[in-house]
Structure formats: structure tokens, C-alpha cells
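Working through the structure, step by step
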Amino acid sequence: MAEAADFQGTSASPARRWLRRTGALLAAAPVLAGLLQLPAAAPAQAASSGPVSVALDSLSPTAPADGDTLTVSGTVTNNGKQTVTGAHVGLRVGPMLDTRSEIDTVAQHSDDLQAGTGSEVGGKYEEKFAKLSPGVAEHFSISVPVNKLDLGDGGVYEFGVSLSGQTAAQPWEQVLGMKRTFLPWQPSEADTRTNTTFLWPLISTVHMTAKTGAGELQTPVFLNDDLAKELAPGGRLAQMVDLGKDLDVTWVIDPDLLASVDAMATGNYRLPGDGDNTTRGPKEHQAIAKQWLANLQKAVAGKEVVALPFGDPDLASLAHNGTSVTGSLSHLKDATDVAAITVKTVLHVTPTTDFAWPVEGAVDPSIMKVATSAGADHVIARSDSLQETAGLPYTPSAARPVGGGTTAVVSDARLSTAFKGDLTKAGSATLAVQEFLAQSLEVNAQTDKQRSIVVAPQRTPTASQAQAMAEAVKALEGGNWSESQDLSAAAKDKPDPNATTRIPSGSAYPSSLRSQELPRTAFEQIARTQDKLDSFQVILSDQSRVVTPFGRAINREMSTSWRGRNTEADSYRDGVERWLDDLADQVKLIDKSETKLSGRSATIPVTVQNNLVQPVGHLVLRLTSTMPTRLKIGGKAYYEQPVEISGGHSQSVKFTTSANANGRVTVIAQLYTQDGQKYGDAVTFDVKVTEITPTVMLVIGGGVLLLVLAGFRMYTQRKRAAARQAEDGGPGTAGGAPDQPGNPDAPADRLLEEPEESASSAGEDDREHPSDPAPDTAPESTDPSGTGERVDR
């Protein structure tokens, strides 16, 4: 598939290759005929590596031109048990590789001794070692003029570095170690250059939570301080910007990363502390974030910037597990809408937002439908997903119209996956760069048709992977077979009419990718959180303080970065929902104990508390009697009153009640939003009705009247007795002995006089006299109230 040249339109170089291969086959025909009469050949032996490992640390220049000197350096290590003597490192130039599959084969068996790589360049272009002891690594560096390599026509040549020597067990010179790679050779400008688009992804994991401070700035709370490490000099994101600024690439950016760095740059971000406490982020990280943003702004100036939906949502997870959950697709639309605003605000450039990028470019009909549902007209797929089925002998252009006004921009799988794996060792990075350049040159040599090729590497390259990518892109820019092109231009190029446009079925989607997707339960939790947010925001006077941070947090819950991190993803979603519940609970009803109601009517107070920093409103408090025949609220079974409360305050709402019979009645207080949805938990309490009937009032009134009459009768009798004593001139006159208490002969009117107090008596107003009348109500107690409440009458 897409291997041989297009014979109807071959350029000079492909034509010569075809003639050379044909001549070689004709020359070999007699030999083959003779071999046919020989016994069947033995099966090919498995690839094997020698006792000496060869590491190719650098090859410069990576794509040499006429007049260049090629410098090859690396190390050789004796991994065997015997000393190698008479050793030397030599360079080998193998045959030209005519297909992309041949390049794959060489790359898969780069250290195979049985696959010979031509003869040594020889002469002085080698490095000798008297001996290589077991376990010892020796460095080598060889420089050779390119014209000594005897390269022919432009193309990809197999290139090897070998270690030859002998051991005591095998005392003859032999190849004991090999490393095979590629030498792209295009000495003159190609007749037709390939338009190459290289995507430069600026994406990270989720860093910000939904929590913000109560102040005007709403200081964000981060999950951890890992972002600062990526932004610091030498960090992954710092290197991505430093390397990308000098490259002609298309920047693909997650706006969430920009929002997170911008929040850090203000210096007000906070980090989790002990318990529910948070601590201020280090001050020095503010300068790091500011510098990174400044560097990025310069790097993207004049370059194409593609903004992914906010949070880089996992389109495949959404397509396979989320579309059946109501409201899931609306989050994708919201994430797309906010993307352009975020990028423009932070970077001061207007991004392109009509590209969707499923994980690893794997697509099926459901993914395509979801990817375009938010307005994206282009979907970045990959050629190992949308595979060629027409047997094209060349790699077609990236753009493929797939119907419905949608274009699949198919990236080349070999080029896009060239920089995966561990590239921290120089040898691995060098091989990756050479293989990438070899594949690119081979694509260009397939045909003289003008084509656009897209390279979409992994979303979050490591620092070492990014360095290898940058080296390869620089070599392309300096080569004679490729020209840089923006992604938008590649998407608009004329598509190849013979290229496949059929989207693979859902059953063809890789199981390894499907196993990493967010489950349906994740989208159900997201929907539940959104419902809670919808109910909460209607009561707020400033909805943006809550809707914005929680809306962005919900976008982050769908992020592609959660793949392979199920535990972290669950924890993040739980944290968002729990924090929203905590905020919503700040507006609540205060519990009430049993209330006692005496008489036919009274008012019952219910307290609503608002611990938020902003006022709330659009709330209705409903008080409901479970037994309206005994107790009515506002003249009916329930009554409602609107509620508006300032931030940090409580409000007591009073309800008029009327009792028809004695007994205990359960009353329910419940807050509702103005659209009739319950808000918060209900408060239930009992009202004990002790109504006083007219009969009871008559009995009490009669008793009071009898007491008054009895007191009047006693008073008149005493007055008469006193008058009789005065007429008889009895004791008690002036100069007589003082009357003694309890003396029956004492005059009756003295009993009505108040005894005098001496001038020295203290606390005159505080002393209670026997003749003082009893108070109407009991004195107020400072002790805590009992279980019952007395209501206002």
C-alpha cells in the first residue's frame, strides 16, 4: 500500500530506480534458475545481535548535502564475557531503500548482524581499539567527507556503524556489533516538494480545581504545583516553547493550559494544605508563569494557532459512552465557544477553532458525528485508522472529504509515531530522527504529484521527544524535498480522488484505546453535577462567580488527559461535585425544635441562613401543615413567602397560623427556587396546639370574680371593726404600749399600715414584702431554653 512509484507520472529519480530494480532482477534470473534445482533452502534464522552493542549518539548533518562532512559519534560496549582484541569501528553504506516498508524492516532489526549493511568505507575513516574489555564502554567519533561515501542518486540509503574484532574463542576478524540506520540523500532540489504540516501540541494535564477564594479576585485553587515544574526552565512546557519558536509549525493549544498559567501568573493561586485549608502558591512561580507566557506570545506571533475545545475533551469517550447521557454534548459546544476567547485574551492572537482531534487520530462514525457537533468542519484522523483500500502506490494528500461538509485531515501514521517511546538516550533519539527523515524523503520520491502530508505527534511529548521532533523539523526545513505548510492550508488542498473516504466502523476502533475511555458513569456524574449547578445558580445575584469556575471544571472532567488515570479522574469529579454541594449548603434553613402554640392564632418564625459572600434571592420559603384541619398556615394547608438575604446574614420569615383543635401537628419548611424546584433539605418540626375554649374562659372568669368579692367582703369587715374600736376608746391610743404582732386587742387599721424602715436599711427597692402582689409572669431565666419554643402572639 502506497509503496511503489506512480509509474504514469514518475519523476527522474523514481524512473531510474525502476530501471535499476528491473535490471537487477534480469541479471539474477540465471542464478535463480539454478537455485531452483537445489534442495529447499533452510528457514531464515532469527535476527541476532552480537556481543558488542553499538550506540549511535549523533549523526551530523542528519541529511547531508554535497560538500558536507558527515560526523558519526557514539559508544561501543562489550557485553560479552571475553575480551575483544584488534577491534575497530567502521562506517557502512548499504543499498538504496525503495519503499517505506523496507525502511520499516531496517528499523525493526537495527542491530541484526545477519542483515549485512554493505561494505565498510575503509581507509582512515575508522577508529581502532586495541581491546574491549567485558563491561567497558568506549566512545568513538568518525568524520568522513560525503563524497567518500560513494552515494548515487538521491534517496534513502541504509547506513550502518559496525564493530569488528576477534575473541580468544573465535580468533578471526568478524563483525561483533552493528547499528543500522538511514542516510537521507537529496543533493539537489527535488522536482516536486512535499508540503509538510507539523503540529506542535501545547497540552498538559488538568491542574485547576473548581474551588476559588471568596475575594473579588476569586483566587483559584490548584490540584498541585506540578505545572510550575513544567513551566520552569528545562521543564517540558518550557522546552516546547523554546524549541518551537524557531520552527515553522502549526501550534495546537488547549486553552485550559493558557487559563491555568495565566492564573498562576497573577500570583494569587493557592495549593492544598492540611485538611480543608489552602496555602498561597510560591511567589517565584508567578515570575516563571509570566515569563513563559511572554515567550509563548513571541513564539506564536505570525504562526497558525489551532485552539482545541477548552480542556481538550475526549471525543471518543464522549461518542462511545456519553451521548446517551442527556446534556453531554452541550458541554462540548460550551468548551468550543470559550476556546477562542481564552486564546485571544491570553495570547492576543485569533485562533482557528474548526479542527477536532480524536485520541491518536482513531475515528469511527460516532466519533466523527460528535467531533463535528460543536462546529468543527475538520477532523484530524490518522492513516492507520482511515486506511487506504484502493491500493494506491503512493501516500495520498491528507485532505479527504467524508461527506456532510466535513473534511478528514489524515495524518501520516509512520511520521506521527516516529517520536514515541523513551528518547532520553541520545542513541534512541538519533535513530528516531533518521527514520523520520527517511520516511519523509521516501514519501516525496514516490511520485511527482504535489501532495500535502500532515504530522500529528503525541499530545504531550516529553522534553527529550520534543528535542528530537525539533531536530527533525529543522532538517526538513533545510532539506531539498519538503516545504512547510499550515494545517488550514493542508485541509484546503485538493484531495486525491483515489484516496479512501470511508470512515471505519465502530468495531474497528482499537480495543486498547477503548479500554482507556471515560465510562458512562463518569458522564452520569457530570450530568448530576450540572443539574446541581443549574439549581444553585438561579438563586445567585452574581452567577458568574460560580458558573464560570464550575463550568470550566466540568469541561476538565471530560479531558483526554484522564486516559489511563481512572483513579485520579474519579477523585477530580468527586471533588467538583462535593465542593458544589458545600457551596449550595451555605444557603439553608435553620433547624427548629418543637413549638408551642396557645390560643387560636400565632406567628411561627422560620430562619433562613446565607453564608455565601453574595446576596441570594429568587427563593420561596413554603411552610406546610401536615394536618390543616387542626392547624392552618396563612388560612390554608401551606403558605409561601419570597426570600432575599444579603451575603453572610440570616433572615427570619414569619408565618401566621390559626388553630382549630388541640394536639400536635407536624409542620414542614422547604425552600424552593422560583421555577418550583426544591432547594436544599427540608426542616420538619412539631407544633403543639393548646387552644383555650370559651367554656374554659368562663370558668376562669368566674373564679376571678369570686376572689374579688371575697377580698371586698374582708375589707369591709375590717373597716367596721376598726370603727367600733375607735368609738369604745380601746387600747392603741397615744402613749399606750406598742401593739405586739398577733395581739387580738390591737387595732385593725394598723394591720393595713406599712412598717417603716430605718434610714440605714439597704436594698429597700430589692426586698420583697409579704404584702407585695405576685408578678404576672415568671422572671426571665438566663438558662438555655427548653425543648419547646413559645411563638409570637
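Residues numbered from 1 in each chain as written. Predicted model: local features only at pLDDT ≥ 70, side-chain atom pairs only at ≥ 80, totals over all residues. Heavy atoms only, no water.

Some thoughts on the packing of helix α11 (residues 426-445) against helix α12 (residues 463-478)
To keep things clear, this is the line we draw: Only C-alpha atoms enter the line fits that serve as axes; for helices the fit covers just the stretch in contact. Angles between N-to-C directions range over 0 to 180 degrees. Where helices and strands are cited, they refer to DSSP runs of H or I of at least four residues and of E of at least two residues respectively, numbered from the N terminus. Crossing handedness follows the turn of the near helix against the far one: under a right angle anticlockwise gives a left-handed crossing, and clockwise gives a right-handed one. Here, residues are in contact when the closest pair of their heavy atoms is within 4.5 Å. Following the grouping adopted for this structure description, the nonpolar residues are Ala, Val, Leu, Ile, Met, Phe, Trp, Tyr, Cys and Pro, the charged ones are Asp, Glu, Lys and Arg, and the polar ones are all others, Gly among them.
For the pair α11 and α12, interaxial distance at closest approach is 9 Å and the crossing angle is 35 degrees. Crossing handedness for the pair α11 and α12: right-handed. Along its contact with α11, which presents Ala429, Val433, Phe436, Leu437 and Ser440, the element α12 presents Ala468, Glu471, Ala472, Ala475 and Leu476. Of the residues belonging to the contact of α11 with α12, the class tally is eight nonpolar, one polar and one charged.

With respect to the confidence of the model for the protein chain
Put simply, the rule is: The predictor rates its confidence in each residue with pLDDT, a number between 0 and 100.
Confidence in the prediction for the protein chain averages 85 pLDDT; 83% of positions are at 70 or higher. Ignoring residues within four places in sequence, the model shows residues 1-46, a span with pLDDT below 50, making 54 contacts including any to other chains. Note on residues 731-793: pLDDT is under 50 here. Beyond four places in sequence and across chains, it has 37 contacts.

Focus on the sheet that holds strand β23 (residues 601-610)
Working definition: the strands of a sheet are paired by backbone hydrogen bonds and lie parallel or antiparallel to each other. The line we're drawing: Two strands are said to pair when DSSP picks up at least two bridges between them.
Taken in spatial order, the four strands line up as β21-β23-β27-β25 in an open sheet, and their pairing is antiparallel. With partners counted over all chains shown, the strands left at the sheet margins are β21 (587-589) and β25 (631-633), one partner each. On average, adjacent strands in this sheet sit at an angle of 35 degrees to one another, irrespective of strand direction. Pairing between β23 and strand β27 (residues 649-659): 10 bridges, direction antiparallel. Its bridge partner being in β27, Asn610 is matched across the sheet by His649.

Let's talk about the pairing of strand β29 (residues 678-690)
Relative to β29, strand β22 (residues 594-598) runs parallel, the two sharing four bridges. Counted as the bridge partner of Lys596 is Lys688 from β29. Pairing geometry for strand β28 (residues 663-673) and β29, over nine bridges, is antiparallel. Looking across to β29, one finds that Arg664 is bridged to Lys688. Between β28 and β29, which follow one another and run antiparallel, lie four residues, and Gly676 among them has a positive phi close to 90 degrees.

A word on the nonpolar core
Side chains that are nonpolar tend, in soluble globular proteins, to be buried together. Note the cut-off: Buried Ala, Val, Leu, Ile, Met, Phe, Trp, Tyr and Cys residues that are joined via side-chain atoms within 4.5 Å together make up what is termed a nonpolar core. Three exposure classes are used, based on accessible area relative to the maximum for each residue type with a 1.4 Å probe and protein chains only: buried under 20%, partly exposed in between, and exposed over 50%.
Counting 75 residues, the largest nonpolar core has Phe536 and Leu621 as the members making the most contacts within it. Excluding residues within four positions of it along the chain, Leu621 makes contact with Leu589, Val606, Val608, Tyr639, Glu640, Gln641, Val643, Val653, Phe655, Ala669, Gln670 and Leu671. Within the second largest apolar cluster, 65 residues are counted, among which are Trp251, Leu258, Ala472 and Val473.

Description of the pattern of salt bridges
Definition in use: A pairing counts as a salt bridge when a side-chain nitrogen of Lys or Arg comes within 4 Å of a carboxyl oxygen of Asp or Glu.
Summed over all chains, the structure comprises 25 salt bridges. Residue Arg193 is joined to Glu189 by a salt bridge in which the shortest nitrogen-to-oxygen separation is 3.6 Å. A relative accessible area of 53% means that Glu189 is categorised as exposed. Linking Lys229 and Asp226 is a salt bridge whose minimum nitrogen-to-oxygen distance equals 3.9 Å. With a gap of three residues between them, Lys229 and Asp226 both fall in helix α3 (residues 226-231), about one helical turn apart. Taken together, the shared-partner salt bridges connect Glu360, Arg382, Asp384 and Lys420 into one network.

Re the packing of aromatic side chains
Remark: the centre distance and the inter-plane angle together describe each pair of aromatic rings, the angle taken between the planes. Short version of the rule: Classification of ring pairs rests on two measures: the distance between centres of Phe, Tyr or Trp rings, Trp counted by its six-membered ring, which must be within 6.5 Å, and the angle between planes, read as stacked under 30 degrees, edge-to-face over 60 and tilted in between. Criterion for a charge above a ring: Arg CZ or Lys NZ at most 6 Å from the ring centre, at most 35 degrees from the ring normal.
Applying the stated rule across the entire model yields six aromatic pairs. Here Phe198 and Phe436 contribute two aromatic rings whose centre-to-centre distance is 6.1 Å and whose plane-to-plane angle is 65 degrees, an arrangement assigned as edge-to-face. In this pair, Phe198 sits in strand β8 (residues 194-202) while Phe436 sits in helix α11, placing the two residues 238 residues apart along the sequence. With relative accessibility at 4%, the residue Phe198 sits in the buried group. With a centroid separation of 6.4 Å and 85 degrees between ring planes, the pair formed by Tyr639 and Phe655 is classed as edge-to-face. Residue Tyr639 is found in strand β26 (residues 638-645), and its partner Phe655 is found in strand β27; the two are separated by 16 residues along the sequence. The rings of Phe198, Trp200, Phe419 and Phe436 are connected pair by pair, giving a single aromatic cluster. A cation over an aromatic ring shows up here: Arg552 above the ring of Phe310, its NZ or CZ 5.6 Å from the ring centre. Sitting over the face of the ring of Tyr672, Arg622 holds its NZ or CZ atom 4.4 Å from the ring centroid.

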